[in-house]
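# A look at the structure
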Amino acid sequence: MEFTSTRNNALRVSAAQAIVQGLSEEGGLFVPTSFPKLDVSEVLDLDYCALAARVLGGFLTDYDPAFLSAAARQVYGEAFGGKAGQVAPVADGLYALELWHGPTCAFKDYALQLMPRLLVEAKRMLGRTETTRILVATSGDTGKAALEGYKDIPGIEIEVFYPTGGTSEIQRLQMATQQGENVAVYAVRGNFDDAQTGVKKVFGSAAIAAQLAAENVALSSANSINWGRLAPQIVYYYYAYARLVQRGAVRLGDAVDFCVPTGNFGDILAGYYAKQMGLSVGRLLCASNKNNVLTDFLTTGVYDANRAFYKTQSPSMDILVSSNLERLLYHASGCDSAFVADMMASLAAEGRYAVPAGIMEKIRADFAAGWADDGQAAAEIAARWQDDRYLCDTHTAVAFRVARNTPGHAPCVVLSTASPFKFPAAVLAALGQPVPQGDFDAIRALSACTGAAAPAGLAELESRAERFGQVIDPADIPAAALGRL
Ligand SMILES: *Cc1c(COP(=O)(O)O)cnc(C)c1O
C-alpha cells in the first residue's frame, strides 16, 4: 500500500515513510492511495487485538504481520483491561462504544499507545538512527496520552508543554506525576495558544533543527494528523459493528450509524475509512459543542474559522480548525490535490474556504451534523442517567444529544470518548449534585451518588508524588526543546 499527499497526488511514499515524516513536504497530509477491502463477516470472531492486526495490516503492508500482531497484543490486551472496544447498550437502538478503558481514560490512547511502536519500527526499517524528540503542546488529554504512549520507548524522547491556567487539576496531575526516563513536562505561563505558538516556533526554526541535527536529534510531533494515529481508530468501528451482529441487534450488511464527538475530525474520519473498506456504516453524525464550525460547514459548504472561540465543558472539542477535514476534501473531490491545495491556501489567507455543491453533495451522503451547548449536554448527562442509568462524560453527552436529535432508523453507536470521572465536577453538576472544591472529592462524590467505580488510574493520582513542577515562560520553549533548560 502506498501513500500520497492531499496536496500533491503525484507523490508516493511507504507507510513507514508517512509515519516517520508526519506531514508531507508541501504541507499536505498523507492518505492511502486505495482502501483495502475487509468484509466484516470474516472477522466477526476475532478478539480486539487480532482484529487490530488485521485492519492495520491492510494499510501497513511494509510492516511484518508478526510485528503488527505482537504490537496489537501488547497495546490493546492488558493495558485496556480486556475492555478494548467495549460496546454498552444504552437504550433501544442506542449504544455506547466505550473508548476510555485505556491507561489515560480517553480515546486518544487507542492511537497514542500504538503509534510509538509503529514509529520505532518504521525508523528501524528505514535505517534511521537519530533520536526522535517529540514536542507536544497540549490543553489536556493529548499530552497525557502521548506521555503514556512514548514513555521509555527506545530512541524517543518526549517533552510536553501545558498552559499554567488551562488544564483541570486531574489533567495537570496526570502529567506532573508522569513516570518514564525519557519524558519531560513543563508548565508554560499563559494559555494554550502561548504554549502552542512557542512549540510551533521551534518546529519552524531552521537554526534549532540544524543544532539538533548536529546532535543526531530530529524533532517530531504527536498530533493527530499523522497517519499512524488515524489507522488504529478504524479498528473499533469494525469491532463495534461485529458486536452488534453478535448480539443480534443488526443483521450482516444492515447499516449502523455512528455519532462522534468531534474536534480535529480524526476520530470520525476513521469511520469514513471503515466505510470505504466495506463496513456497512450508515451515516456518520458529526457532533460539535458550541464551537460548531463543522456543523456550519456540513450545512452550508462554507468552512469559516473567523468566529468567536468558546471555552466549554467539553474542552477536547474546543477547536476552530479541524485539520483532518483536509483528508475528507481530498477523497470527496476524487483525489483532486490541486483543489485541496487551493482550499487550504484560502484557509491560510482568509480563514475560510467554500466547497462546490457537487463535492458537498458527496460529503453529505456520508455525513450529517449537529451541535449542543454546555446546558444541553448537561441535560443529556442527567437524562441518560435518569432514563437509562448510563453515566457519560461531557464530550460523549454532546454526541448523545446530537444522536437523539437527528432523525433516522438505523441503530446508532455513540463513540464515548472519555471516562465521566475525568470531568467529575461537570458531571456532578449536571446530575444536580453539590460540587466539592477539589477534583478528587468530586470523584468520590460521583462514585457515591452513582455507585460507579472511578478508574484506578485517576483515583490513585491523589497519592502519587509530583515529578515535574517547572514553570517556564513561552520564550524558554526553544531552550527546553534543545535540552538546555
Ligand atoms: C480528542 C477528543 C475528541 C475529539 O476527537 P477528534 O479526533 O479530534 O475529532 C473528543 N473527545 C475527547 C474526550 C477527546 O479527547
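Rules behind the numbers
- All residue numbers refer to positions counted from 1 along the written sequence of the respective chain.
- Totals for whole chains, interfaces and linings use every residue, but because this is a predicted model, local features are given only for residues with pLDDT of at least 70 and side-chain atom pairs only at 80 or more, for both listing and counting.
- The side-chain quantities take in all heavy atoms of the structure and omit both hydrogens and water.
- Elements are defined by DSSP. Helices are runs of H or I of four residues or more, strands are runs of E of two residues or more, and each kind is numbered from the N terminus.
- Computation of the radius of gyration draws on C-alpha atoms alone. For the globule rule, the value is 2.2 Å times the number of residues to the power 0.38.
- Accessibility here uses a 1.4 Å probe with only protein chains present; expressed as a share of the type maximum, an area under 20% marks a residue as buried, one over 50% as exposed, and anything in between as partly exposed.
- In what follows, a contact means two residues having at least one pair of non-hydrogen atoms within 4.5 Å.
- In short, Shrake-Rupley with a 1.4 Å probe defines the accessible areas, and a residue's cover is counted only from the protein chains shown.
- Positive charges are assigned to Lys and Arg, negative charges to Asp and Glu, while His and the chain termini are left out of the count.
- Charged groups are reduced to one reference atom each: NZ for lysine, CZ for arginine, CG for aspartic acid, CD for glutamic acid.
- Note on pairing: two strands pair once DSSP finds at least 2 bridges between them.
- Only the contacting stretch of a helix is used when fitting its axis, a line to C-alpha atoms as for every element, and angles between N-to-C directions run 0 to 180 degrees.
- One heavy atom suffices: a residue is near a molecule or strand as soon as one of its heavy atoms comes within 4 Å of it.
- For the purposes of these results, a polar contact is taken to be a pair of N or O atoms within 3.5 Å, where, inside protein, one atom must be able to donate a hydrogen and its partner to accept one; residues adjacent in sequence count only when each atom of the pair is a side-chain atom.
- Polar here means any residue other than Ala, Val, Leu, Ile, Met, Phe, Trp, Tyr, Cys and Pro, which are nonpolar, and Asp, Glu, Lys and Arg, which are charged; Gly is therefore polar.
- When the strands point away from the viewer and the connection leading from the first strand across the helix to the second strand turns clockwise, the crossover is called right-handed.
- Cavity: a set of points on a 1 Å grid over the protein atoms alone where a 1.4 Å probe fits but cannot get out. Pocket: an open set with protein on both sides within 12 Å along at least five of seven lines, its lining residues, like those of a cavity, having an atom within 4 Å of a point.
- Grid points are joined across faces, edges and corners, and a volume is the space filled by probe spheres set on the points.
- Any pair of Phe, Tyr and Trp rings, taking the six-membered ring for Trp, is counted once the centres come within 6.5 Å. Such a pair is stacked with planes under 30 degrees apart, edge-to-face with planes over 60 apart, and tilted for the rest.
- The rule for a charge over a ring is simple: NZ of Lys or CZ of Arg within 6 Å of the ring centre, and within 35 degrees of the ring normal.

### Let's talk about the overall build of the protein chain
The helix and strand inventory of the protein chain stands at 20 helices and 16 strands. Taking 485 residues into account, the globule formula puts the C-alpha radius of gyration at 23 Å, and the protein chain, at 21 Å, falls close to it. A principal-axis box enclosing the C-alpha atoms of the protein chain has dimensions of 60 × 55 × 45 Å. Here the protein chain, with 485 residues, has 57% of them falling under the buried criterion. Pairs at least 24 residues apart make up 73% of the contacts formed inside the protein chain by residues separated by at least 6 positions. Element-wise, carbon and sulfur atoms account for 49% of the exposed surface of the protein chain, whose accessible area totals about 18200 Å². The centroid of the 40 positive side-chain charges in the protein chain is displaced by 1 Å from the centroid of its 50 negative side-chain charges.

### Re the sheet that holds strand β2 (residues 8–13)
With antiparallel pairing, three strands are arranged side by side in an open sheet as β2-β1-β3. Every interior strand has two partners, whereas the edge strands, β2 and β3 (30–32), have only one. Neighbour to neighbour, the strand axes of the sheet diverge by 40° on average, direction disregarded. The pairing of strand β1 (residues 3–5) with β3 spans three bridges and is classified as antiparallel. Bridge pairing in β3 places T4 opposite V31.

### A short note on the site of the ligand
In the vicinity of the ligand lie 15 residues, with K108, G263, N264, D267 and T417 positioned nearest. Between N264 and the ligand, the recorded distance is 2.7 Å, taken from a backbone N or O atom to an oxygen atom. The separation between an oxygen atom of the ligand and a polar main-chain atom of D267 is 2.9 Å. Protein contacts shield 97% of the accessible area of the ligand, which totals 380 Å² for the unbound molecule. Tallied by class, the residues present in the shell around the ligand amount to five nonpolar, seven polar and three charged.

### Considerations on the side chain of Q171
Mapped onto the fold, Q171 is located in helix α6 (residues 169–176). According to the relative accessible area criterion, Q171 is buried, its value standing at 4%. Of the polar contacts made by the side chain of Q171, one reaches the side chain of D141; its length is 3.3 Å. In this structure Q171 touches S139, G140, D141 and F423, once residues within four positions along its chain are discounted.

### Brief notes about the pairing of strand β10 (residues 256–261)
For β10, the tally of buried residues reaches six of six residues, placing the bulk of the element in the interior. Side-chain alternation along β10 places V256, F258 and V260 on one buried face and D257, C259 and P261 on a second face that is also buried. Direction of pairing for β10 relative to strand β11 (residues 281–288): parallel, over a ladder of five bridges. Along β11, the bridge assignment pairs F258 with L284. In this fold, the crossover linking β10 to β11 by way of helix α10 (residues 266–276) has right-handed handedness. When β10 meets strand β15 (residues 412–416), the two strands line up parallel, connected through three bridges.

### Re the layout of surface pockets
The space that makes up the second largest pocket amounts to roughly 590 Å³. Lining the second largest pocket are 35 residues, and of these G102, C105, P455, A456 and G457 sit closest to its centre. Broken down by secondary-structure element, the contributors of at least two residues to the lining of the second largest pocket are α5 (141–150) and α19 (456–459). When grouped by side-chain class, the residues that make up the lining of the second largest pocket number 14 nonpolar, 13 polar and eight charged.

### Overview of the sheet that holds strand β5 (residues 94–98)
Working definition: the strands of a sheet are paired by backbone hydrogen bonds and lie parallel or antiparallel to each other. Taking strand neighbours across the sheet as the criterion, the six strands line up as β4-β5-β15-β10-β11-β14 in an open arrangement whose pairing is mixed. Looking at strand neighbours, the two that pair on one side only are β4 (86–91) and β14 (367–371), the edges of this open sheet. Averaged over all adjacent pairs, the angle separating strand axes in this sheet is 25°, with direction ignored. Pairing between β4 and β5: five bridges, direction antiparallel. Among the inter-strand pairings, A88 is bridged to a residue of β5, identified as A96.

### Regarding empty space enclosed by the protein
The final tally for this structure, using the stated rule, is one cavity of 30 Å³ or more. What lines the largest cavity is simply T262, G263, S288, N291, V293, L294, M317, I319 and S322. Looking at side-chain class alone, the lining of the largest cavity contains four nonpolar, five polar and no charged residues.

### Side note on helix α11 (residues 293–300)
Taken as a whole, α11 has its buried residues at V293, L294, T295, F297 and L298. Among the structural elements, β11, β12 (302–304), α12 (325–332), β13 (352–354), α14 (357–366) and β14 are those in contact with the buried residues of α11. Positive phi appears at G301, one or two residues downstream of α11, with a value of about 85°.

### As for the packing of aromatic side chains
The way to describe two aromatic rings as a pair is by their centre distance and the angle between their planes. Here the structure, examined in full by the defined rule, presents 23 aromatic pairs. Considering the side-chain rings of W227 and Y273, the 5.6 Å spacing of their centres and the 55° angle between planes classify their relative orientation as tilted. Residue W227 is found in helix α9 (residues 227–247), and its partner Y273 is found in helix α10; the two are separated by 46 residues along the sequence. Sitting over the face of the ring of Y239, R243 holds its NZ or CZ atom 4.2 Å from the ring centroid. Against the face of W385 rests R389, its NZ or CZ located 4.5 Å from the ring centre.

### Side note on the environment of Q74
When you line up the elements, Q74 lands in helix α3 (residues 65–76). Judged by its relative accessible area of 49%, Q74 falls in the partly exposed class. For the pair Q74 and L114, spaced 40 residues apart in sequence, the C-alpha to C-alpha distance is 8.9 Å. Within polar-contact distance, the side chain of Q74 engages the side chain of R117 at 2.7 Å.

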